[in-house]
Amino acid sequence: QVQLVESGGGLVQAGGSLRLSCVASGSISSINAMGWYRQAPGKQRELVARITNGGSTEYEDSVEGRFSISRDNAKNTVYLKMNSLKPEDTAVYYCNANMRKLGSVRFLEVWGQGTLGTVSS
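Residues numbered from 1 in each chain as written. Predicted model: local features only at pLDDT ≥ 70, side-chain atom pairs only at ≥ 80, totals over all residues. Heavy atoms only, no water.

Caption draft 1: Spatial organisation of the pairing of strand β11 (residues 115-120). Burial along β11 is one-sided: the residues Thr-115, Gly-117 and Val-119 are buried and none of Leu-116, Thr-118 and Ser-120 is. As paired strands, strand β2 (residues 10-13) and β11 are joined by 4 bridges and run parallel to one another. Its bridge partner being in β11, Leu-11 is matched across the sheet by Thr-118. Where strand β9 (residues 91-101) and β11 come together, 3 bridges link them in antiparallel fashion. The partner of Val-92 across the bridge, within β11, is Leu-116. (Buried < 20%, exposed > 50% of the residue type's maximum accessible area, 1.4 Å probe, protein only. Helix = DSSP H or I, 4+ residues; strand = E, 2+ residues; numbered from the N terminus. Pairing = 2+ DSSP bridges.)

Set out below in structure tokens:
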């Protein structure tokens, strides 16, 4: 079994910062891209940022320049540093990884349980 566990959510005032972490654990053979998605109340889940195992990144337009995604391949961990936070960034943030389990040839999309980030005005 493989799993993703997020941490780092919380309550912050507008203009503040949060740093999310997500650790992949279990019988992992390899991990391709890792990313962060978010879902605000009443809205669909959307991609926030994504990083390949080679370090290439992409960001949703509204977070470009404010958020930064990084990963530590040795620790199977992906981070999301969120600066200049706005109330509209309030959402449950989900970690996602495309990974392969030991003994398998298939890559799976694995999701974390989510962590809530709340930005007050």
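Caption draft 2: Local environment of the pattern of salt bridges. The final tally for this structure, using the stated rule, is 5 salt bridges. A salt bridge links Arg-50 to Glu-58; the shortest N-O distance between them is 3.3 Å. Here Arg-66 makes a salt bridge to Asp-89, at a shortest N to O gap of 2.8 Å. In this pair, Arg-66 sits in the loop between β6 (57-59) and β7 (67-72) while Asp-89 sits in the loop between β8 (77-82) and β9, placing the two residues 23 residues apart along the sequence. Both residues of the pair, Arg-66 and Asp-89, count as buried. (Salt bridge = Lys/Arg side-chain N within 4 Å of Asp/Glu carboxyl O.)

Caption draft 3: Molecular detail of unusual backbone geometry. Notably, Asn-76 is not glycine yet its phi reads approximately 50 degrees, a positive angle. If you trace the backbone, Asn-76 turns up in the loop between β7 and β8. Note on Asn-76: relative accessible area 25%, which makes it partly exposed. The backbone of Ser-84 shows a phi angle near 50 degrees, a positive value even though the residue is not glycine. Its location among the elements puts Ser-84 in the loop between β8 and β9.

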